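Each chain, written out:
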Amino acid sequence: MSSILTNNGAMVALQTLKSINTKLTDTQNAISTGKSVGTARDNAAVWAISKIMESDVKGFKGISDSLNLGESTVAVARNGAETVTDLLTEMKGKIVASQEQNVDRAKIQTDIVALRDQINAVVGAAQFNGLNLLSNRDKDAGSGAVNVLASLDRSSNGVSASDIGIGKKDLGTAASTVTGGTVANLTAAATLNATQNESLTITAPTGAGQVFSLGIAGVDANGDNFTPGDYTTGTTAADAQKIMYIARDGDTAGDVAKGLAQAYAIYAAEQGLDTDVLNVTASGGDLNISSTVTDATDTLAARVDTLTSPTEVVIGGGLEKLNDIDVTSDSGADAALVSIEYMIQNAIDSAASFGSAQGRIETQSNFISSLTDSLKSGIGTLVDADMEEASARLQALQVQQQLGVQALSIANQAPQSLLSLFR
């Protein structure tokens, strides 16, 4: 049955042409934007995944900037620590030369002071964007470490940031200042007589500015091994400052033990004490107390104290003993040789620590760069258009469009044939 009111052929041709035009529009959009999934309408699930990944890429770009800043900061500190090590090594050469009596020690002392001033200049200049990792004199919690944003960790619980922690070192020469306070014992005394090796366990510091002190006391019943008074520091607050270490922020029990051991070695050199009579070394968080000359008639006791409620505590620099070096006398030259060895080791440890941190940051930076490239590649795989396929599809759809237009035209002309029935 033919009808002039309902043209089924035209309707079918029109629907087909509309479908072809829709596909053609989608293909043209893919070609013009380069994306097969440009909006959530195209593929909601894939679009959502790609947007999450794109946000991660944006975050990793910020992390890359943070790592570059952190690496530059640590590199400056490492260079500063290495320079300080070189200057201390040069200073050691001067100190060794001063061991000879037939030299002009006054001129050597002048050179040492000049090197000390140069160390001050290097430490003061070793800052990047106002941050100096070679100074750790602050008493505020968290001041002893710097966190560099290193990564974003995505899990089912959400996204969290992870950091690379970099501990500050202290290579300044400012002197410590401790005024007032009362002495409180932290550990029981380690006593040597017939027993010639004991240890003291250090209590971890409660915060920056806590003053730890090593007190010693000697008794020689028959007076044949050592002079007791030389190995006795006393118990007053002033006595507690003879062999002391002031904790920096972030210090552990091991740091305190190492600091007290170094302080004793320098004190022994300055006072002319025999380390065979009493020696103090650090092992982790313990102080090892030893003697090779004590017998049952002798007593050597060591204890670790702290100063409580001092009216003033100013944390000195890690190289503050540079201020005490004076090679113009025999005893001063001997003590300086002991001091410089410990300070060189501290500077080397600082440079090595910064070198390790810089290497870790560099490795993380390379990883973030590779990860970002992988994420971009993954996003492209999900949403980018296959241009070869799109080109072939475009040509096919254009042909289909032309045929659809012709089919619609033929269908629209079909009712014209009905006029011949009425002639």
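Residues numbered from 1 in each chain as written. Predicted model: local features only at pLDDT ≥ 70, side-chain atom pairs only at ≥ 80, totals over all residues. Heavy atoms only, no water.

(A) Representation of the nonpolar core. Counting residues in hydrophobic clusters, the biggest one holds 48 residues, and the most contacted among them are V84, L88, M91, I119, L322 and I325. At the level of elements, α2 (44–98), α3 (105–125), β3 (145–155), β4 (158–167) and α6 (330–383) are the ones that each hand at least two residues to this core. Apart from the residues lying within four places of it in its own chain, the contact partners of V84 are I119, V122, V123, L171, L319 and A347. Counting 30 residues, the second largest nonpolar core, distinct from the first, contains A253, Y264, V280 and I289. (Core = buried A, V, L, I, M, F, W, Y, C linked by side-chain atoms within 4.5 Å. Buried < 20%, exposed > 50% of the residue type's maximum accessible area, 1.4 Å probe, protein only. Helix = DSSP H or I, 4+ residues; strand = E, 2+ residues; numbered from the N terminus. Contact = heavy atoms within 4.5 Å.)

(B) Inspection of helix α1 (residues 8–33) at higher detail. Taking 1.5 Å of rise per residue, the 26 residues of α1 would be expected to cover 38 Å, and the 38 Å separating its terminal C-alpha atoms lies within 8% of that figure. When α1 is considered as a whole, its buried residues turn out to be A10, A13, L17, I20, L24, T27 and A30. Each element contacted by the buried residues of α1 is listed here: α7 (387–413). G34 sits one or two residues past α1 and shows a positive phi near 80°. (Expected span 1.5 Å × (residues − 1).)

(C) Structural detail: the sheet that holds strand β8 (residues 197–201). If you walk across this open sheet you meet the three strands as β8-β12-β11, and the pairing is antiparallel. At either margin of the open sheet sits one strand with a lone partner, and together these are β8 and β11 (279–283). Strand-to-strand, the axes of this sheet are offset by a mean angle of 25°, without reference to chain direction. In this structure, β8 lies alongside strand β12 (residues 286–290), joined through five bridges in antiparallel fashion. (Pairing = 2+ DSSP bridges. Axes fitted to C-alpha atoms, helices over the stretch in contact; angles between N-to-C directions.)

(D) Structural view of the packing of aromatic side chains. Evaluation of the coordinates by the stated rule reveals one aromatic pair. Residues F226 and Y231 carry aromatic rings whose centres are separated by 5.5 Å and whose planes lie at 75° to one another, so their mutual orientation is edge-to-face. A single burial state applies to F226 and to Y231, both of which are buried. (Phe/Tyr/Trp six-rings, centres within 6.5 Å; stacked < 30°, edge-to-face > 60°.)

(E) Region of the structure containing the environment of A265. Mapping A265 onto the fold places it in helix α5 (residues 253–271). For the pair A265 and K35, spaced 230 residues apart in sequence, the C-alpha to C-alpha distance is 72 Å.

(F) Highlighting the side chain of S365. Inspection of the secondary structure assignment puts S365 in helix α6. In contact with S365, other than residues within four places in its own chain, are L67 and N68.

(G) Expanded view of the side chain of K168. Examined against the element boundaries, K168 turns out to sit in the loop between β4 and β5 (177–179). Under the relative-accessibility criterion, K168 is labelled buried at 15%.

(H) Region of interest: the pattern of salt bridges. For the coordinates displayed, the defined rule picks out 13 salt bridges. Close ionic contact of D330 with R105 constitutes a salt bridge, the shortest N to O distance being 2.6 Å. Here D330, found in helix α6, pairs with R105, found in helix α3; they are 225 residues apart in sequence, far enough to count as distant. The exposure class assigned to R105 is buried, which follows from its relative accessible area of 11%. Here R248 ties to D170 by a salt bridge, and the two come within 3.2 Å at their closest N and O atoms. Of this pair, R248 sits in the loop between β10 (244–246) and α5 while D170 is found in the loop between β4 and β5, placing the two residues 78 residues apart along the sequence. (Salt bridge = Lys/Arg side-chain N within 4 Å of Asp/Glu carboxyl O.)

(I) Quick peek at unusual backbone geometry. Of note in this structure, N129 is not a glycine but carries a positive phi near 55°. Turning to its location among the elements, N129 is positioned in the loop between β1 (127–128) and β2 (131–132). The exposure class of N129 is exposed, given its relative accessible area of 70%. The phi dihedral of S309 falls on the positive side, at around 50°, and the residue is not glycine.

(J) The environment of G9, seen in detail. On the secondary structure map, G9 appears in helix α1. Sequence separation of G9 and A45 is 36 residues, and the distance between their C-alpha atoms is 38 Å.

(K) Highlighting the environment of V277. For V277, the location among the structural elements is in the loop between α5 and β11. A residue is classified by how much of its surface remains accessible, and V277, at 4% relative accessible area, is buried. A C-alpha to C-alpha distance of 36 Å links V277 and D117, two positions 160 residues apart in sequence. The contacts of V277, once residues within four sequence positions are left out, are N225, F226, Y231, S290, S291, V293 and L300.

(L) The pairing of β12, seen in detail. Burial along β12 is one-sided: L287 and I289 are buried, and none of D286, N288 and S290, which face the opposite way, are. Note that β11 and β12 share five bridges and pair antiparallel. Within the sheet, the bridge partner assigned to N279 lies in β12 and is S290. The loop that links β11 with its antiparallel partner β12 comprises two residues; one of these, G284, has a positive phi angle of about 65°.

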